[in-house]
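One-letter residues, chain by chain:
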Amino acid sequence: MDRIPGDRMRVYNGMPASDLGTEGWHKPWSGGNGGSCVEAMKLGDGRVALRQSTDPDGPALIYTRHEMRSFIQGAKAGEADFLLT
């Protein structure tokens, strides 16, 4: 595991999601999709990690609080509806 000074793990976009551990992952968007969904974990510094539930050892996408806020607000406003058509 890649560590930075102070014995903290270096968290970066695309890192193996398994390096973030197994505790703290949530499935806020799961539903009738056969178990395939996005899992989210709030990190200690306020960033958010996302991973695919069917590939928990795969890459984690890391977003800032601002990026997540903008995405969620945009999705609520219908700006992501094009993804469903």
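So, how was this worked out
- Residues numbered from 1 in each chain as written.
- Predicted model: local features only at pLDDT ≥ 70, side-chain atom pairs only at ≥ 80, totals over all residues.
- Heavy atoms only, no water.
- Patch = residues over 30% accessible without salt bridge, like charges linked within 9 Å, V, L, I, M, F, W, Y side chains within 5 Å.
- Areas by Shrake-Rupley, 256 points an atom, 1.4 Å probe, with all protein chains shown as cover.
- Salt bridge = Lys/Arg side-chain N within 4 Å of Asp/Glu carboxyl O.
- Helix = DSSP H or I, 4+ residues; strand = E, 2+ residues; numbered from the N terminus.
- Buried < 20%, exposed > 50% of the residue type's maximum accessible area, 1.4 Å probe, protein only.
- Expected span 1.5 Å × (residues − 1).
- Pairing = 2+ DSSP bridges.
- Axes fitted to C-alpha atoms, helices over the stretch in contact; angles between N-to-C directions.

- The name given to the chain in an unreviewed UniProt entry is DUF397 domain-containing protein, with the source organism recorded as Streptomyces pactum.

### Structural notes on a nonpolar patch on the surface
- On the surface, a nonpolar cluster with roughly 410 Å² of combined accessible area is contributed by Phe 82, Leu 83 and Leu 84.
- Relative to the elements of secondary structure, Leu 84 occurs in the segment after α1 (65-76).
- Relative accessible area serves as the criterion here: at 75%, Leu 84 is assigned to the exposed category.

### A short note on α1
- With 12 residues, α1 extends 16 Å from end C-alpha to end C-alpha; this agrees with the ideal 16 Å at 1.5 Å per step.
- One or two positions beyond α1, positive phi appears at Gly 78, with a value near 90 degrees.

### Re the sheet that holds strand β5 (residues 61-63)
- Here we have three strands laid out as an open sheet, ordered β3-β4-β5, and antiparallel in their pairing. The open sheet is flanked by β3 (38-42) and β5, the only strands paired with a single partner. Each strand axis lies, on average, 25 degrees off the axis of its neighbour in the sheet, ignoring direction.
- Strand direction decides the pairing type here: β3 and strand β4 (residues 48-52), joined by five bridges, are antiparallel.

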